[in-house]
Amino acid sequence: MKLHEYQSKQIFSNYGIPIPSGRVAANAADAKQIAEELGGHVVIKSQILVGGRGKAGGIRLAKSPQQAEDLATKILGMEIKGLPVRKILVDEAASIETEIYLGITNDRSERKPVMMASSAGGVEIEQIAKETPDKIVKVHIDPLLGLRDYHVRDMAAGIDLPREHWRTFGQIGRGLWQAYLRSDATLAEINPLVITSQNRLLALDGKMVLDDNALFRHPDLAEMRDVDVEPKAETEARKYSLSFIKLDGYIGCMVNGAGLAMATMDIIKLHGGKPANFLDIGGGASSEKVAAALRIILSDANVKAVLFNIFGGITRGDEVARGILAALREVKTNVPMITRLVGTNAEEGRRILSEANMITAETLVDAAKKAISAAQGGEQV
Amino acid sequence: MSILVDKNTRLLVQGITGNEGLFHTQHMLAYGTNVVAGVTPGKGGEWVLEGKVPVFDSVRIAHEATGVNTSVIFVPARFAADAIYEAADAGILLIVCITEGIPVQDMMRVRNYLDQKGIRLVGPNCPGLLTPGEAKVGIIPGDISMPGNIGVVSRSGTLTYEVLYALKLVGLGTTTCIGIGGDPIYGTSFIDVLGMFEADPHTDKIVLIGEIGGTDEEKAAEFIADHLTKPVTAFIAGQTAPPGKRMGHAGAIVESGSGTAADKINALQDVGVQVASHPEEIAELLALF
């Protein structure tokens, strides 16, 4: 789960990281008010969960409260990469001498958190890694021991940080580690961490991504979710504990198992079709779950056929078949359904479905071809 | 023969009185697995499944009383890390964790702790292991495979079942099938299992089922080139997965261009692995050896 800049910075501040004075606003009048409080020289920053805000004109400098209000009006009306700007952060403007990158993320292949710093801050870390990888200093953190003080000193030395700033940098590094650890983050990043003309260290931007699996133990953080950034169907799916990702094709998929669901999408593409979604219905195909999943899939007007691919292990094929039929009684639609059932009682399940005039298939390839054909209006039962 | 689980496995079920634990214990027992004990804190002294399996309050007590050597964990995500530590500290050398949804920082700590103690974890977020005819440790349906000479290792659940079943339909059986799970941080990797299959005299061929996310398939490819004599056939799911999105499994995500299906397929093909274009093709490719 991604957090907005203002949310990330608030958390950083709670752990002793210096951030600019500023507040979030949802309208231009408030922006003007905040600008007045901050002395007039402010930066108006759109709060959206995609990169490239600056390039899209979503980060602007204001020299007066009135200009702040004007810019706020403009930015609050914007859409950046398809996302509406609903909030802006009004921060006191800082004069920047040096930009540093400091971040912590999970190194999957080392199975440890890794802290990275670079004196080439202000640019995306992936870009630094590509263009000047020797400018990144990395230290892997033992997850059982946590960040050691000497790790942060090594980072400071590695980026040639002036010694007068080492103590504050240490506080910031330790604060960032605590923020990452105590929020169950998968990323906690300050880019840029600046040295201002007043010779202060300041976290000018903040970014955090939280582990979805850990939100159960952070109800306060879970509440911060911004649902604007995902299609409505994905928000709806979460309510039913369905794993759902919207794609831009026309063949809806309902599968039990994430790997199998990905393989189903792949096979559709292999035979010339385009999957409309990824959906893992998980274990058990109760009619309520199937109905909820079907409604979510059919909420996409592009869907011209729906492919059910269910491997019955513990879940029995005949139960699945009855679940699908019950769901179809609730969710009335003319979109053709193709069901491929394998495993326990699959034959019985297929029989129940063909008696109800549904298209059935035995192999995955057969199912994909039938779905594509049905979507193109070809398959008649 | 087999790897890791067989008729000598003395199995403990952690979370045995929960819905999942009880249901799957019944199936494991019916399959012939030697389920010796269960643990649910607070329910020590009870018996489940009409007196078939004794329940203990802790893994330590169960281990002392019954000599279990393997544990399978059906404990909810919020308590699963603790259950793994408990099994490790009680001296269980093979721990299989079925649970999905364990926080990734928990798993980093768990993995690093287990590595220090030399204890093997399989999973989490996995279906477990199946050695046909001998032991079923986890939730892989017992009737979809039969004893044979193919070793199967996979990050998936039902996709693995597809492949096992397809192999069975053409008369091909397995030595052991092991699900390593769909999480980003897990206990046993492809390389670990490939090494075990290479050393197992009864495994002649290997099937590897991977998916997007991470670089374990790429590392496996290097390992195959350097260490394997036995042929490997693979399928990699997620060629159509969009970047930056978690496709169900916590570990199934393409991040900053890393972990794409295409990269994995290329890495494997470059070292001579036959990569199927769809799961049903695996059986055909195996027949070529």
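Preceding this paragraph is the structure being described.
First things first, this report covers the structure right here in the doc. (Residues numbered from 1 in each chain as written. Chains lettered and ligands numbered in written order. Predicted model: local features only at pLDDT ≥ 70, side-chain atom pairs only at ≥ 80, totals over all residues. Heavy atoms only, no water.)

## What to know about empty space enclosed by the protein
Our working definition: Grid points spaced at 1 Å and placed over the protein atoms alone form the basis of the search, with a cavity being a set where a 1.4 Å probe fits but cannot get out and a pocket an open set showing protein on both sides within 12 Å along at least five of seven lines. Lining residues have an atom within 4 Å of a point. Grid points are joined across faces, edges and corners, and a volume is the space filled by probe spheres set on the points. A run of H or I in DSSP counts as a helix once it spans at least four residues, and a run of E counts as a strand once it spans at least two, with each numbered from the N terminus. Residues are grouped as follows: Ala, Val, Leu, Ile, Met, Phe, Trp, Tyr, Cys and Pro are nonpolar; Asp, Glu, Lys and Arg are charged; every other residue, Gly included, is polar.
Throughout the structure, instances matching the rule amount to 1 cavity of 30 Å³ or more. There is about 40 Å³ of room inside the largest cavity. Lining the largest cavity are P113(A), P143(A), W177(A), Y180(A), L181(A), Q105(B), M108(B) and R109(B). Among the elements of the structure, α6 (166-182) of chain A together with α4 (104-117) of chain B are those that each provide at least two residues to the lining of the largest cavity. Class assignment for the residues of the lining of the largest cavity results in 6 nonpolar, 1 polar and 1 charged.

## Looking at the packing of helix α11 (residues 317-330) of chain A against helix α12 (residues 346-355) of chain A
All names here are of chain A. Keep this limit in mind: Here, axes are lines fitted to C-alpha atoms. For helices the fit covers the stretch in contact, and angles between N-to-C directions go from 0 to 180 degrees. Should an angle fall under 35 degrees it is called roughly parallel, over 145 degrees roughly antiparallel, and 65 to 115 degrees roughly perpendicular, with every other angle called oblique. The contact definition used throughout considers only heavy atoms, calling two residues in contact when any of these lie within 4.5 Å.
Where α11 contacts α12, the two axes come as close as 6 Å, and the packing angle between them is 25 degrees. Considering their axes alone, α11 and α12 lie roughly parallel with respect to each other. Residues G317, D318, A321, R322, I324 and L325 of α11 lie in contact with α12, whose contacting residues are A346, E348, G349, I352 and L353. For the contact of α11 with α12, the residue count by class is 6 nonpolar, 2 polar and 3 charged.

## Considerations on helix α3 (residues 77-89) of chain B
All names here are of chain B. Convention followed: The span one expects for a helix is its residue count, reduced by one, times 1.5 Å. Residue burial is assigned from relative accessible area. The probe radius is 1.4 Å, only protein chains are included, and a residue is buried under 20% of its type maximum, exposed over 50%, and partly exposed in between. What the arc covers is the set of directions going from the helix axis to the C-beta atoms.
Taking 1.5 Å of rise per residue, the 13 residues of α3 would be expected to cover 18 Å, and the 19 Å separating its terminal C-alpha atoms lies within 8% of that figure. Every buried residue of α3 is listed here: A77, A80, A81, A83, I84, A87 and A88. Down the axis of α3, the smallest arc covering the buried residues is 160 degrees, so these residues share one side. Buried positions along α3 lie against β1 (11-14), α2 (59-66), β5 (70-73), β6 (94-97), α4 and β7 (120-122).

## Some details on the interface of chain A and chain B
So the rule is basically this: We define buried area as the total accessible area lost by two parts upon association, computed with a 1.4 Å probe and summed across both. One speaks of a salt bridge when a side-chain nitrogen belonging to Lys or Arg is within 4 Å of a carboxyl oxygen belonging to Asp or Glu. What qualifies as a polar contact is a pair of N or O atoms within 3.5 Å, subject to a donor-acceptor requirement within protein and to the restriction that residues adjacent in sequence count only when both atoms come from side chains.
Each partner contributes residues to the interface: chain A has 47 residues there, and chain B has 59 residues. Between chain A and chain B, a total of about 4100 Å² is buried, with carbon and sulfur atoms accounting for 62% of that surface. At the boundary of chain A and chain B, one finds 4 salt bridges. Between R217(A) and D106(B) there is a salt bridge, with its nearest N and O atoms 2.9 Å apart. Linking chain A with chain B are 18 residue pairs in polar contact (both at pLDDT 80 or more). Contributions of two or more residues to the side of chain A that touches chain B are made by β9 (112-118), α6, β11 (185-196), β14 (243-246), α9 (258-270), β17 (305-312), β18 (337-343) and α13 (364-375) of chain A. Looking at which element gives the most residues to the side of chain A that touches chain B, the answer is α9(A), with 10 residues. Across the side of chain A that touches chain B, the residue classes tally to 23 nonpolar, 12 polar and 12 charged.

## Let's talk about the sheet that holds strand β2 (residues 22-25) of chain A
Residues and elements named next belong to chain A. Threshold: Should DSSP find at least two bridges between two strands, the strands are regarded as paired.
If you trace the 4 strands from one edge of the open sheet to the other, you get β2-β7-β3-β4, paired in antiparallel fashion. What marks the edges here is a single partner per strand, and that holds for β2 and β4 (59-62). Pairs of neighbouring strands in the sheet enclose a mean axial angle of 20 degrees, with direction left out of account. Helix α3 (residues 65-76) contacts β3 (42-46), β4 and β7 (88-92) of the sheet and is inclined by roughly 165 degrees relative to β4.

Everything listed is a geometric property; what it means functionally is a separate question.
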